Amino acid sequence: MKGKIGIGIRAMGWKTNARSSSSSKMKVWIIRGTTMVLLWTCLVQLTALGDTWGPRVLKGWPSSSTQDSHSLDVKFLPAAPVRVLPHKRVYQNNGYLMVSCNGGLNQMRSAICDMVAIARFLNVTLIVPELDKTSFWADPSEFEDIFDVNHFITSLRDEVRILKQLPPRLKKRADLGIVHTMPPVSWSDISYYHNQILPLIKKYKIVHLNRTDARLANNGQPLELQKLRCRVNFDALRFTPQIEYLGRRIVQRLRQNGPFLVLHLRYEMDMLAFSGCTQGCNLDEVEELTRMRYAYPWWKEKIINSELKRKDGLCPLTPEETTLTLRALDIDRDIQIYIAAGEIYGGQRRMADLAAAFPKLVRKETLLGADDLQFFQNHSSQMAALDYLVSLESDIFVPTYDGNMAKVVEGHRRYLGFKKTITLDRKLLVELIDKYTSGSLSWDEFSNAVKDAHSARMGSPKKRVVISDRPKEEDYFYANPEEYLQPLETKPVSIL
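Residues numbered from 1 in each chain as written. Predicted model: local features only at pLDDT ≥ 70, side-chain atom pairs only at ≥ 80, totals over all residues. Heavy atoms only, no water.

A. Molecular detail of the overall build of the protein chain. Across its full length, the protein chain carries 19 helices and nine strands. Out of the 496 residues in the protein chain, the part that is buried amounts to 48%. Look at the contacts in the protein chain between residues 6 or more apart in sequence, and 78% of them connect residues 24 or more apart. If you sum the accessible surface of the protein chain, you get close to 25,300 Å²; carbon and sulfur atoms cover 56% of it. (Helix = DSSP H or I, 4+ residues; strand = E, 2+ residues; numbered from the N terminus. Buried < 20%, exposed > 50% of the residue type's maximum accessible area, 1.4 Å probe, protein only. Contact = heavy atoms within 4.5 Å. Areas by Shrake-Rupley, 256 points an atom, 1.4 Å probe, with all protein chains shown as cover.)

B. Here's a closer look at the pairing of strand β9 (residues 396-399). Here β9 shows no split at all, with I396 and V398 on one side and F397 and P399 on the other all buried. Both strand β6 (residues 260-264) and β9 contribute to a ladder of four bridges, which runs parallel. When the bridges of β9 are listed, H264 appears paired with P399. (Pairing = 2+ DSSP bridges.)

C. Molecular detail of the sheet that holds β9. Reading across from one edge, β8-β7-β6-β9 is the order of the four strands in this open sheet, with parallel pairing throughout. With one partner strand each, in any of the chains shown, β8 (361-362) and β9 form the two edges of the open sheet. Sheet contacts for helix α8 (residues 241-255): β6, β7 (336-339) and β8; angle to β7, the most-contacted strand, approximately 160°. (Axes fitted to C-alpha atoms, helices over the stretch in contact; angles between N-to-C directions.)

D. Quick peek at the environment of K302. Its location among the elements puts K302 in the loop between α10 (283-295) and α11 (306-311). On the basis of relative accessibility, which here comes to 18%, the residue K302 falls in the buried class. A sequence separation of twelve residues divides K302 from T290, and the C-alpha atoms of the two residues are 8.0 Å apart. For K302, the residues in contact, after removing those within four places along its chain, are R293, Y294, Y296 and P297. At 2.7 Å, the side chain of K302 and the backbone oxygen of Y296 are in polar contact. (Polar contact = N/O pair within 3.5 Å; in protein donor to acceptor, adjacent residues only side chain to side chain.)

E. Region of interest: the pattern of salt bridges. Taken as a whole and judged by the stated rule, the model has 30 salt bridges. In this structure, D387 and K364 form a salt bridge, with 3.0 Å as the shortest nitrogen-oxygen distance. Of this pair, D387 sits in helix α16 (residues 380-393) while K364 is found in helix α14 (residues 364-367), placing the two residues 23 residues apart along the sequence. Look at K364 and you get buried, because its relative accessible area is 3%. Three or more residues joined by partner-sharing salt bridges are found here, namely E307, R310, K311, E321 and D434. (Salt bridge = Lys/Arg side-chain N within 4 Å of Asp/Glu carboxyl O.)

F. Quick peek at the side chain of E474. Position of E474 relative to the elements: it lies in the segment after α19 (443-454). Although E474 lies buried, it forms no salt bridge, and the closest oppositely charged side chain, R464, sits 6.7 Å away as judged by the N-O distance. A polar side-chain atom of E474 sits 2.8 Å from the main-chain amide nitrogen of I467. Sequence-distant contacts of E474, defined by excluding residues within four places in its chain, comprise N218, N219, V465, V466, I467 and S468. (Lys, Arg positive; Asp, Glu negative; His and termini not counted.)

G. Main features of the state of the cysteines. According to the stated counting rule, one finds one disulfide in the structure shown. Each sulfur in the disulfide pair C277 and C315 lies 2.0 Å from the other. Sign of the S-S torsion, about -85° for the bond between C277 and C315, identifies this disulfide as left-handed. Here the residue C277 occupies a position in the loop between α9 (269-275) and α10, and C315 occupies one in the loop between α11 and α12 (319-328), the gap between them amounting to 38 residues. C277 gets classed as buried once you look at its relative accessible area, which sits at 4%. Of all cysteine sulfurs, the one in C230 lies closest to C113, which takes part in no disulfide; the gap is 8.1 Å. (Disulfide = S-S within 2.5 Å.)

H. Geometry of the packing of aromatic side chains. Scanning the entire structure with this criterion turns up 16 aromatic pairs. For the ring pair F477 and Y478, a centre distance of 5.0 Å and an interplane angle of 85° mean the geometry is edge-to-face. For the residue pair F477 and Y478, the accessibility class agrees, reading buried in each case. Taken together through their ring pairs, the aromatic side chains of F143, F147, F152, F239 and Y388 make up a single cluster. If you follow K302 out to its NZ or CZ, it ends over the ring of Y294, 5.7 Å from the centre. Lying across the ring of Y476, K407 places its NZ or CZ 5.4 Å from the centre. (Phe/Tyr/Trp six-rings, centres within 6.5 Å; stacked < 30°, edge-to-face > 60°. Lys NZ or Arg CZ within 6 Å of the ring centre and 35° of its normal.)

I. Focus on the packing of α12 against helix α18 (residues 426-437). Packing of α12 against α18 leaves a shortest axis separation of 11 Å and a crossing angle of 90°. By the angle between their axes, α12 is roughly perpendicular relative to α18. Counted together, E321, L324 and T325 of α12 and L429, V430, I433, Y436 and T437 of α18 form the full contact between these two elements. Here the residues of the contact of α12 with α18 sort into five nonpolar, two polar and one charged. (Parallel < 35°, antiparallel > 145°, perpendicular 65-115°, else oblique. Nonpolar A, V, L, I, M, F, W, Y, C, P; charged D, E, K, R; others polar.)

J. Here's a closer look at the side chain of R350. Residue position: R350 is located in helix α13 (residues 347-357). Other than its neighbours up to four places away in sequence, R350 contacts Y267, Q279, G280, C281, T318, P319, E320 and Y345.

K. Summary view of the confidence of the model for the protein chain. Summing up the model confidence of the protein chain, the mean pLDDT is 87 and the portion of residues at 70 or higher is 82%. Contacts for the low-pLDDT stretch residues 1-22, under 50 throughout, to residues beyond four places or in other chains number zero contacts. Across residues 44-76, where pLDDT falls below 50, the model places 57 contacts with residues more than four positions away in sequence or in other chains. (pLDDT = per-residue confidence, 0-100.)

L. Representation of α16 within the structure. For α16, spanning 14 residues, the distance from its first C-alpha to its last is 20 Å, which sits close to the expected 20 Å at 1.5 Å a residue. The element α16 is extensively covered by neighbouring structure, given that 13 of its 14 residues are classed as buried. (Expected span 1.5 Å × (residues − 1).)

M. Main features of the packing of α8 against α16. Where α8 contacts α16, the two axes come as close as 9 Å, and the packing angle between them is 45°. In this view, α8 runs oblique relative to α16, as classed from their interaxial angle. Crossing hand, α8 versus α16: right-handed. Contacts from I243, E244, L246, G247, I250, V251, L254 and R255 in α8 reach Q382, A385, L386, L389, V390 and E393 in α16. Its residues assigned to classes, the contact of α8 with α16 comprises nine nonpolar, two polar and three charged. (Left-handed = near helix turned anticlockwise from the far one by under 90°.)

N. Geometry of the sheet that holds strand β4 (residues 180-182). If you walk across this open sheet you meet the five strands as β3-β2-β1-β5-β4, and the pairing is parallel. Each end of this open sheet is capped by a strand with a single partner; those strands are β3 (162-163) and β4. Where β4 meets strand β5 (residues 206-209), three bridges bridge the pair, whose relative direction is parallel. By the bridge assignment, H180 is partnered in β5 with V207. Of the strands in this sheet, β1 (96-99), β2 (125-127) and β5 are in contact with helix α2 (residues 105-122), which crosses β1 at around 170°.

So this is what it looks like as C-alpha cells:
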C-alpha cells in the first residue's frame, strides 16, 4: 500500500514538475514573442522616420550630397500632423515621364504643376522632377531640399503614380543615356501631349522632357486638368519642414511689430543685365551689366535700348521709382517693409531714398541670425522659398516687376482669399514719374493719378485675359487660376 502511495506521490511529483517545466517554457516563448514584436515595431518606426527625416536628421541636414555642414537642431520643429492618405488611383501605366525643370524656383514650381497634370492625363508614371542646377544661380539643391517629397508623392496618389526614381532595370537604361530626350513645344494644349508625346512614351517606355517652362497653355484646357494644376501648386508642393519653420519665425517676428508689406524689389544684378535696364546706373555699372549680358550665351537679346524699354513698361522699377510709387499710394511711412529680393544692385546708394521714406526696412538676414541661414547660403532657391512664404503671409504684396515669383505669388494670394496685391502699371508709372520729376505735375496731381490708375489693381477677382494667338501677352494661368478660386466673401487664410 505504501509502495503504491509512494509511486503515486512520485508520479504526481513528476506531473507537477512537468507542468512547471512546461509553464516555464511557455513564459520564455511569450517573452521572446513579445520582444520580437517590440523590436519589429521599433524597426518599422525607424524606417518610417528614415524615409521622412533620413536625408536630414539621420544623415545630417541639408539632404543634398552637394551640401555640407552639420544637421539642423530639429527639436523645435513642429510634429507633422497625422493625415489620412487618399486612395491610390489604379490605372494601366503607359510608361515613365522624366522631367528636368529650368529656371528659378517659381518658374520650376509652375512647371512641376504642369508636368503632374500632363502625367495624370497621359496615364504615365512621373519621376520626381529634377531641378535646374546649371542656370545663372547655379543652385545645387535637389527637389527634396526644397519641397517635402514624401508629401508630394502621397498627396497626389489618387491622381498619378510618382516615384523617386525609375525601376532598377529602366534606371540602368537611363544611366547609360538610352532615353528619348526632347523639349516639348511651348504653350501646347493637352491634345499635343496626347497625340505627340504619349506615342513616344509607349514606344520608348521612358521619355525625358528637358525643358518645362511654359509648356502647357494657359487656357482652353479641360477643367479637371486646370484644377489639378492648382491642387499641385496649393497643396502638394509643400516646402520642407525646415523652410516652413524658418518662414514661420520670420512672419512671427514681423507680426510682433504690426502689419507688414512685402516688396519684391527685382533690382538684382542678373535682372538688370538680362533685361538691359540701366536707369539710374553710372557708366561703370552700365559697362559691367553689358559685359555680363554678353557672357551668358543663352541670354539671346544683346543690344538693348534701355530708355525705350523703360518707356514701354518692360523694365523693373528702380528703387527710387518704387519709393515715389509707394508714397503716391499713401503707404504708411511706419509700416514694416520686408525686401523679398537678392542683393540690390548699387547697394545703399540706390536704397537711400527708400530707406529715408520708409525707415522700417527689413530683410530675412536682419530678422534671422547667421546660424539660421547658414545652410541656405549659395542656395538661391531655398532663399527664394523663404521669401515666397513671407510674401504669402504679408498684409500687402507689391512686386516691381512681373516675373515668375510676382505672378505665382499673386495667384496664390488670390487662392488664400484675394489678399491685397498691388500689380503696378509700370508703363503708366514711368510716364507719371517723369512728368512729376520734370515739374509738369504737382505732388497731389501725381499721387492722385497713381491711386486712380491702381484702384482696380489690388488683387480682387477678375477674369483672365485671353489672347489665343499671343499666349505670352495674355494673363498667366498661375497669376489668376480662376477655375479654382472661392468667392470673394471667403475670409483670407494663412498657410503657416
